[in-house]
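# Observations on chain architecture
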Amino acid sequence: MKKIASLLLLLLTVALLPSCEEDIEKRQVIFTATMPSDDLSSSRPGCIINGVPAADAFNLSDQWKTGDKIQIFVRQDGKVYQAESLSVVSDISSDGKTCSFEFVLPKSVKPESDYEIIGVTGVEAQIDGSNVVALCNLKRESFDSGKSVVLPMWFTAKKGSSKANFRHLCAYEILYVSNVSDASITFKHSGFQTQTPWYRYSASILLPDGKYGGKEVQGDAESNESTIPSGGTGTIVSWYIPNVTVDGVTINNVRLKAVVNGNAVTTTDALKSYKTFTYGSAYYMQVTWDGSTLYFSNEFCPDSNHPHIIDLGLPSGTKWACCNIGANVPLENGNYYAWGETTPKPSYTKSGYKWYIGGDDHNISKYCSMSSYGTVDNRTELEPEDDAAYVNWGPEWRMPSGHQFRELLDNTTSHWTNINGTEGYIFKSNTNNRAVFFPAAGWPSGNGGYGGEESGGNYWSRIMFNDEPQNYAVILGFRNSSMGSLTLAYYSRHHGSSVRAVYVGQE
Ligand SMILES: [Zn+2]
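Residues numbered from 1 in each chain as written. Predicted model: local features only at pLDDT ≥ 70, side-chain atom pairs only at ≥ 80, totals over all residues.

## So, unusual backbone geometry
Our working rule: Helix and strand assignments follow DSSP, with helices taken as H or I runs no shorter than four residues and strands as E runs no shorter than two, numbered in order from the N terminus. Buried residues are those with 20 or more other C-beta atoms within 10 Å of their own C-beta, exposed residues have 12 or fewer, and partly exposed residues lie in between; C-beta atoms are placed from the backbone.
The amide bond that connects Glu 468 to the next residue, Pro 469, takes the cis arrangement and shows omega of 0°. Inspection of the secondary structure puts Pro 469 in the loop between strand S30 (456-464) and strand S31 (472-479). If you check the backbone angles, Asp 91 has positive phi at about 50° while not being a glycine. If you trace the backbone, Asp 91 turns up in the loop between strand S4 (87-88) and strand S5 (98-104). Of the residues examined, Asp 91 has 11 C-beta atoms within 10 Å and is grouped as exposed.

Structure below.
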């Protein structure tokens, strides 16, 4: 009897075992996970908002690390269930780009029916009705020095799939802070003020001196503080988590709020006109503290009272205007002027030019030093009354000299760029992180018979070409990247060109 009972038990065990294993097998799901293919490196088109160079830019690509955990949710028949335990990654590839993980389907999920898997990592998520909502609490406790930052990511997959292709969850913003004031500062990043449905703040990392290895602050970015010495820089990486139930939302109308030396500072709303933030993208911005004001270098100006005097720290002390004559803001083209004229006009022809008698460019009535070109007066530099900057903006402003253009070229880092859809050339100081932007205002039609708006820019100096041909004046010209470069050149005086003023008044 006892033997029979044992045998029966054995039989029962034998009979039960396979079915139990089968059940676990059925409920166990194994995945191979990949990092997002759209690594947020600075070379990715659209990632650079203001032309900050990519060379030393933060690379937001990420790698799987031992101990990383993935929260798994399963949606079936409109209901969402969370897996009992977090999945720990394993089999991490040497480049950190792939790993595998497994989980067991929640008890309430019927494995024979259809379901959808939602995985979240790098950030805590929870069930909200039939959705999975990401919270602002970052899950990794630290980030690896010199490698990458922690990036919240997620994936969805259908039943039967074994691939978890993670996607970035947030919009990222990399903020370079320069302290050009005389004293060291404590800087708190209070985040960008944004519109819903984004979380106004999320976590930030402040990395003193642009190095990895700062501290990470969860949720409340305002508690993040770092000291930036005079002349020093810091890098802040922040991420903004969208409401994941809304797809394709944007952040716009952003203003930076910061606390410098304990005082709250808010930038102007000039960023309103900037590109919107979309999630999965990274944005690079530069902000400068000069001792009293927080500037965006891509913003150029501290407020909307243009024109501003921009001090690029040039050797001669020359300061440039933030915008063109006739423009309301730095990104506007403004007016065109023939050289030595002070009002714009519908067309720019020889016959309509003020200083050619009868439209004859060899019968010049002012600014001439060779009799073969007209009446010699040996004036080579525009007098104030013929200077479009002086006449339109007042005695504190003049059109630049050729030397001033030369100095601008020699003491700034300049390149063709696109700011909020406006093409042009940016000139960034080599010493203080301030910048001026010259829009590619082009030239009026009938102006030499070539080109077109936004393929280049021409900016008059106040200096005539004191050689042959005398009907030319010195100009700063640039063409877009496909056409070439930035150069000091000469241009027929009667053509319409932009004017960017230099400041000559008392501050
Ligand atoms: Zn301005």
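More follows now that the structure is in view.
## Describing the confidence of the model for the protein
Note the cut-off: On a range of 0 to 100, pLDDT expresses the predictor's confidence in each residue. A pair of residues counts as a contact when their C-beta atoms, built from backbone coordinates, are separated by no more than 7 Å.
For the protein, mean pLDDT is 75; residues scoring 70 or higher make up 64% of the total. Every residue in residues 195-223 scores below 50 in pLDDT, and together they form 88 contacts with partners more than four places removed in sequence or on other chains. Note on residues 269-275: pLDDT under 50 across the span, and 14 contacts to partners over four residues away in sequence or across chains.

## Considering the nonpolar core
The criterion, for reference: The term nonpolar core refers to a group of buried residues, namely Ala, Val, Leu, Ile, Met, Phe, Trp, Tyr and Cys, whose C-beta atoms join them within 7 Å.
Formed by 53 residues in total, the largest nonpolar core has its most connected members in Ala 389, Val 436, Trp 460, Ala 473, Val 499 and Ala 501. Where this core is concerned, the elements lending two or more residues are strand S25 (319-324), helix H2 (388-393), helix H3 (402-410), strand S28 (422-429), strand S29 (435-439), S30, S31 and strand S33 (500-503). It is S31 that provides the largest number of residues to this core, a total of five residues. Excluding its chain neighbours within four sequence positions, the residues that come into contact with Ala 389 are Ile 325, Trp 397, Arg 398, Met 399, Val 499 and Ala 501. One finds Val 29, Ile 70, Ile 72 and Val 132 within the second-largest nonpolar core, a separate group that totals 28 residues.

## Details of the environment of Ser 497
Within the secondary structure, Ser 497 is located in the loop between strand S32 (486-492) and S33. Leaving out residues up to four positions away in the same chain, Ser 497 has contacts with Tyr 336, Tyr 337, Trp 443, Asn 458, Tyr 459, Trp 460, Ile 475 and Tyr 491.

## Things to note about H3
Our working rule: What the arc measures is the spread of directions leading from the helix axis to the C-beta atoms.
Considered for burial, the residues of H3 that qualify are Gln 404, Phe 405 and Leu 408. Down the axis of H3, the sector holding all buried residues measures 100°, keeping them to one side.

## Some details on the sheet that holds strand S10 (residues 163-165)
Let me state the cut-off plainly: At least two DSSP bridges between two strands are needed for those strands to be called paired. Every axis in this analysis is a line fitted to C-alpha atoms, fitted for helices over the stretch in contact. Angles between the N-to-C directions lie between 0 and 180 degrees.
Read from one edge to the other, the open sheet built from three strands follows the order S5-S1-S10, with strand pairing classed as mixed. The two strands at the open ends of the sheet, each matched to only one other strand, are S5 and S10. This sheet shows a mean twist of 30° between the axes of neighbouring strands, independent of strand direction.

## With respect to the environment of Phe 101
Position of Phe 101 among the secondary structure elements: in strand S5. Sequence-wise, Phe 101 and Ala 164 are 63 residues apart; in three dimensions their C-alpha atoms are separated by 9.5 Å. Those residues in contact with Phe 101 that sit more than four places away from it in its chain are Phe 31, Ala 33, Ile 70, Ser 87, Val 88, Val 89 and Ser 90.

## A short note on the sheet that holds S31
Hydrogen bonds between backbone groups are what pair the strands of a sheet, and the pairing can be parallel or antiparallel. Spatial ordering of the open sheet is given by S30-S31-S32, a layout of three strands whose pairing is antiparallel. What marks the edges here is a single partner per strand, and that holds for S30 and S32. Averaged over all adjacent pairs, the angle separating strand axes in this sheet is 35°, with direction ignored. Note: S30 against S31, six bridges, orientation antiparallel. If you follow Met 464 over to S31, its bridge partner there is Ala 473. Across the face of the sheet, H3 comes into contact with S30, S31 and S32 while running at roughly 155° to S32.

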